[in-house]
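Close look at the chain arrangement
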Amino acid sequence: MPSLRLLVLFGSQTGTAQDVAERLGREARRRRLACRVQDLDSYAVADLIREPLVIFVCATAGQGEPPDNMRNFWRFIFRKNLLATSLCQLDFAVLGLGDSSYAKFNFVAKKLHRRLLQLGGSALLPACLGDEQHELGPDAAIDPWLVALWEKVLGLYPVPAELTEIPRGVPLPSTFTLQLFQDVPNTVPQELTVSSLDPHQPPSESQPFLAPMVTNERVTGPSHFQDVRLIEFDITGSGISFVAGDVVLIQPSNSATHAQQFCQVLGLDPDQWFTLQPREPGVSSPPGLPQPCSVWHLVTQYLDIASVPRRSFFELLACLSPHELEREKLLELSSTTGQEALCEYCSRPRRTILEVLCDFPHSAGAIPADYLLDLIPRIRPRAFSIASSLLTHPNRLQILMAVVQYQTRLREPRRGLCSSWLASLNPGQGSVQVPLWVRPGSLAFPESPDTPVIMVGPGTGVAPFRAAIQERVAQGKTGECRDPRLGGPEACSWDPSWLCPAGVHPTLPGNFLFFGCRWRDQDFYWEAEWQELEKRGCLTLITAFSREQDQKVYVQHRLQELGPLVWELLDRRGACFYLAGNAKFMPADVTEALTSLFQQHGGLSSPDAAAYLDRLQRTLRFQVETWA
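Owing to the predicted nature of the structure, the values given are computational and were not obtained by experimental measurement. (Residues numbered from 1 in each chain as written. Predicted model: local features only at pLDDT ≥ 70, side-chain atom pairs only at ≥ 80, totals over all residues. Heavy atoms only, no water.)

Remarks on the environment of Leu210
- Looking at where Leu210 falls in the secondary structure, it is placed in strand β8 (residues 209-218).
- C-alpha separation for the pair Leu210 and Ser312, spaced 102 residues apart in sequence, amounts to 33 Å. (Helix = DSSP H or I, 4+ residues; strand = E, 2+ residues; numbered from the N terminus.)

Written out as C-alpha cells, the structure is:
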C-alpha cells in the first residue's frame, strides 16, 4: 500500500451519509488507497492539522442543524480563536446530503466547505450537493462528482503501477469474520436489566434503559384514517431526567415473522451462536451487539431487514452472487446507468431488504455469514418528542406517535418499523419493556416566567408543546398579557374580544397554542386537558379544524387572522415562537404567514420582514422542530 492514508469523516443522522462514506472507503480500497472511515465526533479533531487528505461527508438535519454525531466537531471547527493557517497542509473535499424541499438545503456542507477554506485548507473540488428530491436521489450528483474526485486524488497521490485496481465484481474482504460455536457457549451475555445498568451513567445508546410500558392507548377516533397512540413508560430508577423540548430515542426490533423468514431465505440457524473477529486492527465491535451473540439476536435486534436497501446493498450482493442471471440484474441495479431501474424497483415502491432477498433467492442463499454486517445496516433508534413533564407526571415519560402505514404498488402495505412494533405491544397482556434513552432536543423554552410563548403544533407536532405547557403551568410561568380595556402599562394594542367574547378575563395567559387537525371529534388530541387549562386561565387555545367547512383552514390561516396579536406579542412583549410538525409544507406556509403579517401589522417591507424573522431565529426566539 502507498504511504498516503485517506481519511473519510462523516456526520449522519439517518444512515445515508454513513453509507456514502463507506462507499468512498470501498472505492478507495479498490484503487489501492489505504482508507479510514469514521464518524466526526469519534475523531480527535485536533489531529486534523496533521492530515494531508480528508473527505467530509455530512448530512443536514432538521432546519439546517448538523447531525448528532458531528455536533462536537461542529462546535470546535467554528471556534473564533482558530488561526487562518490552521489547515494550510490539508487537501479536502466536502460531499453534502440534503433535501431541496427544505429552506436550508445542504446548509451544513456549504458552511463547512467555507469554514475549511477560511482555515487555510485547499479544496480539491466544489462541494457536492446531493439532493433527496432528485428523481434519482443523491447519486445523481454524487456519481459524476466521485469520478472527478478520484481523478484529482490519484493525480496528487499516484498509486504504483503494479497495484492494479480491484474490479467492481470482486468482493472486498468482509469487515468481520464470524467465529461459530458448536454448542451454546458457557458464558452467555446477561440480558440488560435495570439492575445491570451503571448507576453512575445515564441511559444511552450503548446502555439503554428497559422501560416498562404502562399504557398504549389509541387517541384517534375509530373512523379516523390514522392510528395515533399515546404511550406511557415508567422510568422509575432509570436516572433519566428531561425538560420540555427533549426527545426520547427508542430502539425497535424486527418482528418474529420477518426474522424467521430472513433466516429461512438465507439458510441460517437462529439458535447458532458466534463471536465477531475484526479483520483489521483498530476496528471495534459494533455497538449494541453482545459478544458472544446468537443469530436470532442479530436478526431481531440488529439487522435492519425492514429498511429500503441502498445502492451499496445491490453492489455487494452482486459480488457475492453465484447465480448468473441474478448477478447480471444486481449489477445493473448497482450501476450508474441502472439508477432509474433501481428507483423503479426499490425506492418508489419502498421495497425492503427482506423482500429483495426473496426476489433473489439463489443469491440470498449463498451469502456468507461473514458479510451480513457489511450487507445490511443496523437498526437505528427512532426519536420522538417527549409529550409530558416530570413536574406533572413524576417517573413517567409519554409520547404521541402516529403509526406509519401506507400503500404503494406492492401488495403488502408499507409499515414503519418502530411505530408498528410499538403499536403491537400490549402491556395489558403481560410485562412489556422498551429500550430507550433521552437526549436534548432542538427546542429550548424561556426560563423567564414573564415571557409569552406562541406554539404552533398541528397534528402530532403538538407533543413537545404539551410538555412545555405542563412544565410552565407547574412553574407558574403564565406570562400574562393584560386586556387593553383595563388600561395600565402592560396593556396590549390588539383586541382579544373574539377570544374573550364576554369580556370576563382581565388578563390573557401568555401560553398561546395554535393547534390544527382534521376533525374535532376524531383527532383533537388532549381536548379536555386544553379546555381545563383554559378555564384555569393558563392557556389560550386557537384551533383549526381543516375538514369541518367547505374551504380548508390550517394553522397558518389562524395566524393571519390573529396578525395583530402575534405582532404585539413578538414585537412588544418579547414572545418566543415555536413550530413543530411535518416538514413537507407546513413550515414554509407558517413562515410565509409570519412574514406577511410582519408587513401588514408591523409596517415592514418584504426585505425587512425577512430580516426580522431571521433576527428572531438568530436570537432563538423562533425555533423549529420538524420531521419528514
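Further notes follow.
Here's the deal with the side chain of Gln38
- With respect to the helices and strands, the residue Gln38 is situated in strand β2 (residues 34-39).
- For Gln38, a relative accessible area of 16% translates into the label buried.
- A distance of 3.1 Å separates a polar atom in the side chain of Gln38 from a polar atom in the side chain of Ser42.
- Ignoring any residue separated from it by four or fewer positions in sequence, one finds Gln38 in contact with Leu7, Val8, Leu9, Phe10 and Tyr43. (Buried < 20%, exposed > 50% of the residue type's maximum accessible area, 1.4 Å probe, protein only. Polar contact = N/O pair within 3.5 Å; in protein donor to acceptor, adjacent residues only side chain to side chain. Contact = heavy atoms within 4.5 Å.)

Here's the deal with the pairing of strand β3 (residues 53-59)
- In terms of burial, β3 is largely enclosed, as 7 of its 7 residues are buried.
- By the bridge criterion, 5 bridges tie strand β1 (residues 5-11) to β3 in an arrangement that is parallel. In the strand pairing of β3, Leu7 is matched with Val54.
- Bridge count between β3 and strand β4 (residues 91-98): 7 bridges; the pairing is parallel. (Pairing = 2+ DSSP bridges.)

Describing the side chain of Gln522
- Inspection of the secondary structure assignment puts Gln522 in helix α15 (residues 520-523).
- Judged by relative accessible area, Gln522 falls into the buried class, the value being 14%.
- At 3.2 Å, the side chain of Gln522 forms a polar contact with the side chain of Ser223.
- Sequence-distant contacts of Gln522, that is, excluding residues within four places in its chain, are made with Val219, Thr220, Gly221, Pro222, Ser223 and His224.

Here's the deal with the sheet that holds strand β12 (residues 293-294)
- Pairing in this open sheet of 3 strands is antiparallel, and the strands run β7-β11-β12 from one edge to the other. Every interior strand has two partners, whereas the edge strands, β7 (176-180) and β12, have only one.
- Across 5 bridges, β7 lies against strand β11 (residues 273-278) in antiparallel orientation. Pairing of Thr177 across the sheet is with Gln277, part of β11.

Structural notes on the pattern of salt bridges
- Using the criterion set out here, one finds 28 salt bridges in the structure.
- The partner of Asp227 in a salt bridge is Arg229, with the nearest N and O atoms 2.8 Å apart. Pair check on accessibility: Asp227 and Arg229 agree, each one buried.
- Linking Glu232 and Arg396 is a salt bridge whose minimum nitrogen-to-oxygen distance equals 3.5 Å. With Glu232 in strand β9 (residues 228-234) and Arg396 in strand β14 (residues 396-402), this pair connects stretches of sequence that are 164 residues apart.
- With a relative accessible area of 24%, Arg396 lands in the partly exposed category.
- What emerges from the salt-bridge pattern is a single network uniting Arg23, Glu27, Arg31, Asp139, Asp143 and Arg311. (Salt bridge = Lys/Arg side-chain N within 4 Å of Asp/Glu carboxyl O.)

A short note on the packing of helix α7 (residues 311-320) against helix α8 (residues 324-334)
- As a packed pair, α7 and α8 sit with axes 8 Å apart at the nearest point and diverge in direction by 150 degrees. What the angle tells us is that α7 and α8 run roughly antiparallel. Our pair here, α7 against α8, has a crossing hand that is left-handed. Seen from α7, the contacting residues are Arg311, Phe314, Glu315, Leu317, Ala318 and Cys319; seen from α8, they are Arg327, Leu330, Leu331, Leu333 and Ser334.
- When the residues that make up the contact of α7 with α8 are grouped by side-chain class, the tally is 7 nonpolar, 1 polar and 3 charged. (Axes fitted to C-alpha atoms, helices over the stretch in contact; angles between N-to-C directions. Parallel < 35°, antiparallel > 145°, perpendicular 65-115°, else oblique. Left-handed = near helix turned anticlockwise from the far one by under 90°. Nonpolar A, V, L, I, M, F, W, Y, C, P; charged D, E, K, R; others polar.)

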